[in-house]
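If you want the building blocks of each chain, they are given just below.
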Amino acid sequence: ERDLGRLATLSSGYGQDLRFKMIEAEDAKRLVVCERRLAQEHDYRKMVALVQTLEGYTGPQLDEARDILKKVGLLSSATSLDVLRGHMAICGAIRACDIVNDALTVFDLEDAVASEMDVERISESVSHYNKLRVSKFRVLERSENLRKAEEILAAEAILRAGEANIAEVGRCVKICEGVSNSTALDRCRAALIAEAELASEKRCSEVKRLLGQCSFLTGSAVVEHKEQVVRFEKRLRTWVPFTLIHSLAKKLKATLGSDDMRDRIQALFAEIDTDNSGFITRDEMERALERLGVQISKVEMENFMQGMGAESTGEVDQLEFMTFVESLISKSDAIVSEDEELEGIGRLIEGIQDDLEESNAVEEARFKILLNTAQRVNDVTW
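Structure report, in brief. (Residues numbered from 1 in each chain as written. Predicted model: local features only at pLDDT ≥ 70, side-chain atom pairs only at ≥ 80, totals over all residues. Heavy atoms only, no water.)

Once that is clear, we can look at the environment of aspartate 3. Assignment of secondary structure puts aspartate 3 in the segment before α1 (4–18). In this structure the C-alpha to C-alpha distance between aspartate 3 and threonine 58, which are 55 residues apart in sequence, comes to 5.1 Å. (Helix = DSSP H or I, 4+ residues; strand = E, 2+ residues; numbered from the N terminus.)

One can describe the packing of helix α11 (residues 204–214) onto helix α12 (residues 221–237) by two numbers: an axis separation of 10 Å at closest approach and a directional angle of 130°. Considering their axes alone, α11 and α12 lie oblique with respect to each other. At the point where α11 passes α12, the crossing takes the left-handed sense. From α11, Cys204, Val207, Lys208, Leu211 and Cys214 reach across to α12, where they touch Val223, Lys226, Glu227, Val230, Glu233 and Arg237. Taken together, the residues that form the contact of α11 with α12 break down as six nonpolar, no polar and five charged. (Axes fitted to C-alpha atoms, helices over the stretch in contact; angles between N-to-C directions. Parallel < 35°, antiparallel > 145°, perpendicular 65-115°, else oblique. Left-handed = near helix turned anticlockwise from the far one by under 90°. Contact = heavy atoms within 4.5 Å. Nonpolar A, V, L, I, M, F, W, Y, C, P; charged D, E, K, R; others polar.)

The next point concerns the pattern of salt bridges. Tallied over the full model, the rule gives 11 salt bridges. A salt bridge links arginine 142 to glutamate 150; the nearest nitrogen and oxygen atoms lie 2.8 Å apart. A salt bridge links lysine 208 to glutamate 233; the shortest N-O distance between them is 3.4 Å. In this pair, lysine 208 sits in helix α11 while glutamate 233 sits in helix α12, placing the two residues 25 residues apart along the sequence. Under the relative-accessibility criterion, glutamate 233 is labelled buried at 2%. (Salt bridge = Lys/Arg side-chain N within 4 Å of Asp/Glu carboxyl O. Buried < 20%, exposed > 50% of the residue type's maximum accessible area, 1.4 Å probe, protein only.)

This part covers helix α10 (residues 183–198). Between its first and last C-alpha atoms α10 spans 22 Å; for 16 residues at 1.5 Å apiece the expected length is 22 Å, and the two agree. Along α10, the residues classified as buried are Ala184, Leu185, Cys188, Ala191, Leu192, Ala194, Glu195 and Leu198. Looking at the buried positions of α10, the neighbouring elements they touch are α8 (144–160), α9 (166–175), α11 and α12. (Expected span 1.5 Å × (residues − 1).)

To continue, consider helix α3 (residues 44–53). Since the α-helix packs 3.6 residues into each turn, any two residues three or four apart lie on the same face. All of the buried residues in α3 are Met47, Leu50 and Val51. Within α3, the buried residues cover an arc of 100° as seen down the axis, which keeps them to one side. Turned more than 90 degrees from where α3 packs its buried face, Arg45 and Gln52 sit exposed. Measuring from the side-chain oxygen of the N-cap residue of α3 to the backbone nitrogen of arginine 45 gives 3.1 Å; that N-cap residue is aspartate 43. (Arc of directions from axis to C-beta. Polar contact = N/O pair within 3.5 Å; in protein donor to acceptor, adjacent residues only side chain to side chain.)

Between two aromatic rings, the relevant description is the distance of the centres plus the angle of the planes. Under the defined criterion, the tally for this structure stands at one aromatic pair. Ring centres 5.6 Å apart and planes at 55° place the aromatic pair phenylalanine 269 and phenylalanine 321 in the tilted group. Of this pair, phenylalanine 269 sits in helix α14 (residues 261–272) while phenylalanine 321 sits in helix α17 (residues 318–330), and the two are 52 residues apart along the sequence. Each member of the pair, phenylalanine 269 as well as phenylalanine 321, is classed as buried. (Phe/Tyr/Trp six-rings, centres within 6.5 Å; stacked < 30°, edge-to-face > 60°.)

Attention now goes to the side chain of glutamate 156. Inspection of the secondary structure puts glutamate 156 in helix α8. Within the structure, glutamate 156 has its side chain in polar contact with the side chain of arginine 160 (distance 2.8 Å).

If you want it as structure tokens, here you go:
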């Protein structure tokens, strides 16, 4: 008899009726017990041993156990998560089985890549997920959630690599919506917000602050325009009228000559740097100009120092001084006339007065124009 249910009935009746034990009956009872154990057994190795013991027999619990073990064998060849879930619905209760545990891990990782917003944890989950796919589930297709997580990581990597094109930055930021713990992503989000605010912002200090957040963006007409406005504002703020620049250029050219000019400029720097600090201060430059016979006001002196690069530190190093002097001398023969210069400054004023507020550069430039004009007709009136 090969049917375990029938065998259970026969072996039970055999023992009761004949009142003695036979080896065949005891073996039959042992087989019946093995099948009953299968109904409660979840340990993979023990199930395999019991099924092997009952090889050649049939029975409901035995057939169910065989189906479970068959599904376990099919896990590694699942082609999709739906197929894997179908198999696991039958064999998911099995314990102490590596492939079942790996399948459960895949489901956990699937949930993680679908809900995780921390970029580092997304990266860890995607890496673990793909390692399992390669090593244990080689034909398992990437799920939609895994693809999306990989797209997020790719977009974040593009931003981390220094992407600056505003269209590409916007695309990557949109893909990473809601994602956190990324310095590059936070920086680009702030840049896009700043770029959007720049379009309507006119306050000088705010425009400069917003540009500080988004000036690395390329392909933005707003950023380019506002940067030009700020350059114009700086040009106006540091503008030194024609008479002073032309006078200084002529005197420097006469003093330095044309041969070995760089050595002479270095020597001039050392002469002006009376305290040998390696920097020229405002007072040292003012005394040097006095020795050259150049008259300069306090405001002009401040702008003059800023024009050489002392805007942030208040001092000029040797490289800044040499660059300024070489540029000044090289242009000394091509310096425009006073009328042309004033006309150019006027265009700068027109270029920013409607785009920039709360900056005194425009009023200061207008004041310098009035002062320069008054000096030319020798009729200074306050």
